[in-house]
Amino acid sequence: MRVLTWNLWWRFGPWERRREAILSVLRAERPDVAGLQEVWARGGENLAQWLAGELGMHWAWAPSDTPEPWRRRVGDPAADIGNAVLSRWPVTAQEAVRLPAPRDRDDGRLALYARVDAPCGPVPFFTAHLHSAPDGSAVRVEQVRVLARFVAARRGGTAFPPVVTGDFNARPDSDELRLFGGRLTAPAVPGQTFVDAWEYAGPAAPPATRDRANPHVAATFEPNARIDYVHVGPPGPDGLGRVTAVRRAGDGPVGGVWPSDHAAVVADLASGGSAAAARGGGQG
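Everything numeric here is computed off the predicted structure, so don't read it as measured data. For every chain, the first residue of the written sequence is number 1, and numbering continues from 1 along that sequence. With the structure being a predicted model, the display of local features is reserved for residues of pLDDT at least 70 and the display and counting of side-chain atom pairs for 80 or more, all residues being used for whole-chain, interface and lining totals. Hydrogens and water are ignored here; the side-chain numbers use all heavy atoms of the structure.

J.: It is not clear to me how the layout of surface pockets should be interpreted in this structure. Could you clarify?
T.: To find the voids left in a structure, one rolls a probe of water-molecule size over its atoms. Quantified by volume, the largest pocket comes out at close to 660 Å³. In this count, Pro and Cys sit with the nonpolar residues alongside Ala, Val, Leu, Ile, Met, Phe, Trp and Tyr, while Asp, Glu, Lys and Arg are called charged and the others, Gly among them, polar. Residues belonging to the lining of the largest pocket are distributed by class as follows: 9 nonpolar, 8 polar and 11 charged. In this structure, the second largest pocket spans a volume of roughly 190 Å³. A cavity here means a set of points on a 1 Å grid, drawn over the protein atoms and nothing else, where a 1.4 Å probe fits but cannot get out; a pocket is an open set with protein on both sides within 12 Å along at least five of seven lines, and a residue lines either one if it has an atom within 4 Å of a point. If you go around the second largest pocket, you meet 14 residues; those closest to its centre are Pro172, Leu177, Gly181, Asp196 and Glu199. Grid points are joined across faces, edges and corners, and a volume is the space filled by probe spheres set on the points.

Structure representation (structure tokens):
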């Protein structure tokens, strides 16, 4: 099973040309399930819906309830922003949770859950977009606590481990990432741990998902950073859901256009074993 996470940079930059480049990358990568952040909708248009139609995929969408700070940034009072999931297989349930932030730092971040009816059994899939301020680690810590509880309440009834994707806006050694993974400190939910799929990458693989080779990143004068993640819970029976490969995608121009200011992360997860085993009661 191939999963992907990607921040699509909303309606910033040359967004009309970028959406064609985004489609080209997704078509080439052929993810089975994709978690997308900064997805735009306006009027009767929705980027996730359009991508799903072009790719022949199912889709789920959750809009932010506080789009005004985003709208002010592009001068468009009608544009919405949210998270989305694209899936090759039907989405049988979906739910969103608002991530907390102080009023003066709140721009409506959220996490979206989609239960995917995969051939190997139900997959509890999540995609999140956390607070972005460089000094906002304390905010992200509280958001991670809410996200972890949200996952814990929805991960059961299947042997496939929960898959949590997203733009966490934090580096791997940050307090918020250590808390969420629960491997270098006590986990946010007792007994619930995750592996960062990138730990399985080759030593020469470029890790930064915000890379100064991208002119949209270079223009911010910020250093390279890995802030986008695929997290996976402990494998199920016979290694179900274990990470078998991981890499970046969308990390170069397509037809002269950079698709986003983020690179995507693509992870291949083991989905073999009997369907009966996949449907059995796993952790949670």
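From this point, things continue past the structure.
J.: How should the side chain of Asp196 be read in this particular structure?
T.: Here a helix means four or more residues in a row that DSSP labels H or I, a strand means two or more in a row labelled E, and each is numbered from the N terminus. With respect to the helices and strands, the residue Asp196 is situated in strand β10 (residues 195–196). By definition in these notes, contact holds between two residues if any of their heavy atoms fall within 4.5 Å. Dropping the residues within four chain positions of it, Asp196 is found in contact with Arg226, Tyr229, Val230 and His231.

J.: Got a minute to help me understand the packing of helix α1 (residues 15–29) against helix α2 (residues 47–55) in this structure?
T.: Two packed helices can be described by the angle between their axes and the distance between those axes. Axis angles are defined between N-to-C directions and span 0 to 180 degrees, where every axis is a line fitted to C-alpha atoms and, for a helix, only to the segment in contact. Across the interface, α1 lies against α2 with an axial gap of 11 Å and an inter-helix angle of 45 degrees. In this view, α1 runs oblique relative to α2, as classed from their interaxial angle. Seen along the crossing, α1 lies across α2 with a hand that is right-handed. Seen from α1, the contacting residues are Arg19, Glu20, Ile22, Leu23, Leu26 and Arg27; seen from α2, they are Leu47, Trp50, Leu51, Glu54 and Leu55. A per-class count over the contact of α1 with α2 returns 7 nonpolar, no polar and 4 charged. Put simply, angles under 35 degrees are roughly parallel, angles over 145 are roughly antiparallel, angles from 65 to 115 are roughly perpendicular, and the rest are oblique. Throughout, a crossing is termed right-handed when the near helix is turned clockwise from the far one, and left-handed when it is turned anticlockwise from it by less than a right angle.

J.: Mind showing me how you'd approach empty space enclosed by the protein here?
T.: Applying the stated criterion across every chain yields a total of 3 cavities of 30 Å³ or more. Lining of the largest cavity is provided by Glu38, Ser64, Trp70, Ile81, Gly82, Asn83, Asp107, Gly108, Arg109, Leu110 and His129. Per-element tally for the lining of the largest cavity: the top contributor is strand β5 (residues 79–87), with 3 residues. Per-class residue counts for the lining of the largest cavity are 3 nonpolar, 5 polar and 3 charged.

J.: Even after reading the chapter, I still don't get the pairing of strand β11 (residues 228–232), so can you show me in this structure?
T.: Two faces make up the sheet, and in a regular strand the side chains alternate between them. Only protein chains enter the accessibility calculation, which uses a 1.4 Å probe; a residue whose area is less than 20% of its type maximum is buried, one above 50% is exposed, and one in between is partly exposed. With 5 of its 5 residues buried, β11 lies for the most part within the structure. The sheet contact formed by strand β9 (residues 163–167) and β11 spans 5 bridges and is antiparallel. Opposite Gly166, over in β11, you have Tyr229 as the bridge partner. Should DSSP find at least two bridges between two strands, the strands are taken to pair. Where β10 and β11 come together, 2 bridges link them in antiparallel fashion.

J.: How should the sheet that holds β11 be read in this particular structure?
T.: Consider a sheet: its strands pair through backbone hydrogen bonds, and that pairing is either parallel or antiparallel. Spatial strand order, β6-β7-β8-β9-β11-β10: 6 strands in an open sheet with mixed pairing. Each of the sheet's edge strands pairs with one partner strand only, and the pair in question is β6 (91–98) and β10.

J.: What is the right way to read the environment of Val266 from this model?
T.: Positionally, Val266 belongs in strand β13 (residues 264–269). Spatially, the C-alpha atoms of Val266 and Ala60 are 19 Å apart, while their sequence positions differ by 206 residues. The residues contacting Val266, other than those within four sequence positions of it, are Arg2, Val3, Leu4, Glu29, Ala245, Val246, Arg247 and Ala249.

J.: So what exactly am I meant to see when it comes to the side chain of Gln37 here?
T.: Along the polypeptide, Gln37 turns up in strand β2 (residues 33–42). Residue classification places Gln37 among the buried residues on the basis of a relative accessible area of 0%. Within the structure, Gln37 has its side chain in polar contact with the backbone nitrogen of Asn7 (distance 3.3 Å). The term polar contact refers here to a pair of N or O atoms within 3.5 Å; inside protein, the definition further demands a hydrogen-donor-capable atom paired with an acceptor-capable atom, and it admits residues adjacent in sequence only when both atoms are side-chain atoms.

J.: I would appreciate a short explanation of the confidence of the model for the chain in the present structure.
T.: Caution applies to low-pLDDT regions: their predicted coordinates should not be interpreted in detail. pLDDT is defined as a per-residue confidence score from the predictor, taking values between 0 and 100. Looking at the chain, the pLDDT average stands at 95 and 96% of residues meet or exceed 70. Here residues 274–284 is modelled with pLDDT under 50, and outside its nearest four sequence neighbours on either side it reaches 25 contacts, counting other chains as well.

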